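The residues making up each chain are set out below.
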Amino acid sequence: EQTLYEGGRISSALRTAKLTKEQSLLQYQAVVADTLTDVRVAYYDILLAAQQIVVHEASLALLKKELEDTTRRFEAGTVPRFNVLRAEVEMANSRPKLIRAKNSQRIAKNNLANLIGFRVPTNIWEDIPLTLAGKLEAEPYQVDLPSAVAQALAQRPELGALRKAESLRQEGVITARSSSKPSLGLFAGYGARNSSFGDDFFRDVAGWNAGVQLNWDLFDGLLTKGKVKQAEALREKARLDLDDNVRRIELEVRTAFLNLTEAKEVLESQKKVQEQAEEALRLAMVRSEAGTGTQLDVLNAQTSLTEARTTQIQALRDYSVARARLERATGQNSSP
């Protein structure tokens, strides 16, 4: 038997197979893009934790030096016992921040190792011996919002997969309608038969046969009509899903763009702050040694310097992450 016409069902099945393959590839590209973004963010988290360790170690070293200076002054009788206690408390309060920073780095290393598929040896329980060669820095990245939105709508693999899904639903409508159309086919074969009621049992009739067969279901209890309505409803749902995801991706691009803009502005505001905080600490220590300043001035200056350093490295991390998320939102780095 060879089918010649099935009301469009055969050609629709071929197009469906092609669309399904293309949709699967786009879905795979979306997973790859998500994984790349997650790896980049995890990488930046490790760099941030490493810089936080450096900042808190430097802060702890300053507070330790302040405690040593205050202790010498107390032993010389120039400051009261209260100053020593305050210095001890400040140094004790800074240690948990350093401990948390080190633990954050260990967790970030484990997260990155898991994302890149690295199997951690069983003899390593806490800190993975993983050293990154990069560093946090704000590389120039220029993009305007309208171009980013247009790029996302054209390149996001999720939208491509949803467009394929809408086309697949259209093929479903064609397949459902084909049931109401005739089917035409050729047939050929060889047959042999023998009548059990004949005079000669061993006398048989054999030969070839061939022809054309036409089938057409004139009435099926409105089954085809119901299937068509169901297929059309699924096609409309696919269209609405596509429209909804277009709006969602536009929002994602706008959010990533605004986060990148915020990170840029924070970095700009922090250009001179760290230098000013270091100079303020130096002046506070000089005044304290000369007897014209107080211990509170020194501790406040140390706190301000630590906050300035922390804000700067956090802004660098936020900038890098915001750029990675914006590139993901606009459909960059989505090819396997």
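Residues numbered from 1 in each chain as written. Predicted model: local features only at pLDDT ≥ 70, side-chain atom pairs only at ≥ 80, totals over all residues. Heavy atoms only, no water.

### A short note on the sheet that holds strand E1 (residues 2–5)
The strands making up a sheet associate through backbone hydrogen bonding, with each pair oriented either parallel or antiparallel. The test is simple: Here, any two strands with at least 2 DSSP bridges between them count as paired. Comment: elements are numbered from the N terminus, with helices defined as DSSP H or I runs of at least four residues and strands as E runs of at least two. Lines fitted to the C-alpha atoms define the axes, with helices restricted to the stretch that makes contact. Angles between their N-to-C directions range from 0 to 180 degrees.
The strand order across the open sheet formed by 3 strands is E1-E2-E3, and the pairing between neighbours is antiparallel. The outermost strands of the open sheet, each flanked by one partner alone, are E1 and strand E3 (205–215). Neighbour to neighbour, the strand axes of the sheet diverge by 20 degrees on average, direction disregarded.

### Looking at helix H2 (residues 81–115)
Under the convention used in this document: Given a helix with a known number of residues, its expected span is that number minus one, times 1.5 Å. Only protein chains enter the accessibility calculation, which uses a 1.4 Å probe; a residue is then buried when its area is under 20% of its type maximum, exposed when over 50%, and partly exposed in between.
Counted at 1.5 Å a residue, the expected span for H2 with its 35 residues is 51 Å, and the 52 Å between its end C-alpha atoms agrees. Asn 83, Val 84, Ala 87, Met 91, Ser 94, Leu 98, Ala 101, Gln 105, Ala 108, Lys 109, Leu 112 and Ala 113 are the residues of H2 that are buried. Once H2 ends, the next one or two residues include Gly 117, with phi positive near 80 degrees.

### Considering the pattern of salt bridges
Just so we agree on the cut-off: Here a salt bridge means any side-chain nitrogen of Lys or Arg lying within 4 Å of a carboxyl oxygen belonging to Asp or Glu.
Counted under the stated rule, the structure contains 20 salt bridges. Arg 239 is the partner of Asp 243 in a salt bridge, and the nearest nitrogen-oxygen pair spans 3.0 Å. Of this pair, Asp 243 and Arg 239 are both found in helix H5 (residues 223–269), 4 residues apart, which corresponds to roughly one turn of the helix. What makes Asp 243 partly exposed here is its relative accessible area of 31%. Notably, a salt bridge pairs Arg 248 with Glu 252, separated by 3.6 Å at the nearest N-O pair. Remark: Glu 252 and Arg 248 occur in helix H5; sequence separation between them is 4 residues, near one turn of the helix.

### Details of unusual backbone geometry
For residues besides glycine, phi is generally negative; the peptide bonds are generally trans as well. The phi torsion at Leu 222 lies on the positive side, around 65 degrees, for a residue other than glycine. Inspection of the secondary structure assignment puts Leu 222 in the loop between E3 and H5. When its relative accessible area of 56% is taken as the criterion, Leu 222 is described as exposed.

### A look at helix H3 (residues 145–155)
Operational definition: Along the arc lie the directions from the helix axis toward the C-beta atoms.
Regarding H3, the residues found buried are Ala 148, Val 149 and Ala 152. Down the axis of H3, the sector holding all buried residues measures 100 degrees, keeping them to one side. For H3, the exposed residues set more than 90 degrees away from the buried face come down to Pro 146 and Ala 154.

### Comments concerning the pairing of strand E2 (residues 183–193)
Across 3 bridges, E1 lies against E2 in antiparallel orientation. Each bridged residue has a counterpart across the sheet, and for Gln 2 the counterpart in E2 is Leu 186.

### Points about the packing of H3 against H5
Filter applied, for reference: Orientation labels follow simple angle bins: below 35 degrees gives roughly parallel, above 145 gives roughly antiparallel, 65 to 115 gives roughly perpendicular, and whatever is left gives oblique. Should the near helix be turned anticlockwise from the far one by less than a right angle, the crossing is termed left-handed; should it be turned clockwise, right-handed. Should any heavy atoms of two residues lie within 4.5 Å, those residues are considered in contact. Under this grouping Gly is polar, as are all residues other than the nonpolar Ala, Val, Leu, Ile, Met, Phe, Trp, Tyr, Cys and Pro and the charged Asp, Glu, Lys and Arg.
Direction vectors running N to C along H3 and H5 enclose 140 degrees, while the axes themselves pass 10 Å from each other. In terms of orientation, H3 lies oblique with respect to H5. Note on packing geometry: the crossing formed by H3 with H5 is right-handed. Where H3 approaches H5, its residues Leu 145, Ala 148, Val 149, Ala 152 and Leu 153 are matched on the opposing element by Val 246, Ile 249, Glu 250, Val 253, Arg 254 and Phe 257. Here the residues of the contact of H3 with H5 sort into 9 nonpolar, no polar and 2 charged.

### Regarding the environment of Thr 303
Within the secondary structure layout, Thr 303 lies in helix H7 (residues 295–329). Overall, Thr 303 belongs to the partly exposed group, its relative accessible area being 36%.

### Thoughts on the packing of aromatic side chains
The description of two aromatic rings rests on the distance between their centres and on the angle between their planes. To be explicit about the condition: Between 30 and 60 degrees the pair is tilted, below 30 it is stacked and above 60 it is edge-to-face, where a pair is any two Phe, Tyr or Trp rings, Trp via its six-membered ring, whose centres lie within 6.5 Å. Charge over a ring is defined by NZ of Lys or CZ of Arg lying within 6 Å of the ring centre and within 35 degrees of the ring normal.
Evaluation of the coordinates by the stated rule reveals 2 aromatic pairs. It is Arg 81 that lies over the ring of Phe 74; its NZ or CZ is 5.8 Å from the centre.

### What about the packing of helix H4 (residues 157–178) against H5?
H5 packs onto H4 with a crossing angle of 170 degrees between their chain directions and a minimal axis gap of 8 Å. Viewed along their axes, H4 and H5 adopt a mutual orientation that is roughly antiparallel. A breakdown of the residues in the contact of H4 with H5 according to their chemical character gives 12 nonpolar, 4 polar and 9 charged.

### Brief notes about the side chain of Gln 52
Along the chain, Gln 52 turns up in helix H1 (residues 9–76). Not counting chain neighbours up to four residues away, the residues in contact with Gln 52 comprise Ala 101, Ile 313 and Gln 314.

### Remarks on the nonpolar core
So the rule is basically this: By convention a nonpolar core is built from buried Ala, Val, Leu, Ile, Met, Phe, Trp, Tyr and Cys residues, the set being connected through side-chain atoms within 4.5 Å.
Among the nonpolar cores identified, the biggest contains 34 residues, and Tyr 44, Leu 136, Val 253, Leu 260, Tyr 319 and Leu 326 are the most heavily contacted of them. Residue assignment for this core shows that the elements contributing at least two residues are H1, H2, H3, H5 and H7. If you look at the next biggest cluster of nonpolar residues, it comprises 10 residues, including Leu 63, Leu 67, Leu 98 and Leu 299.

Shape is all these values report; function is a separate question.
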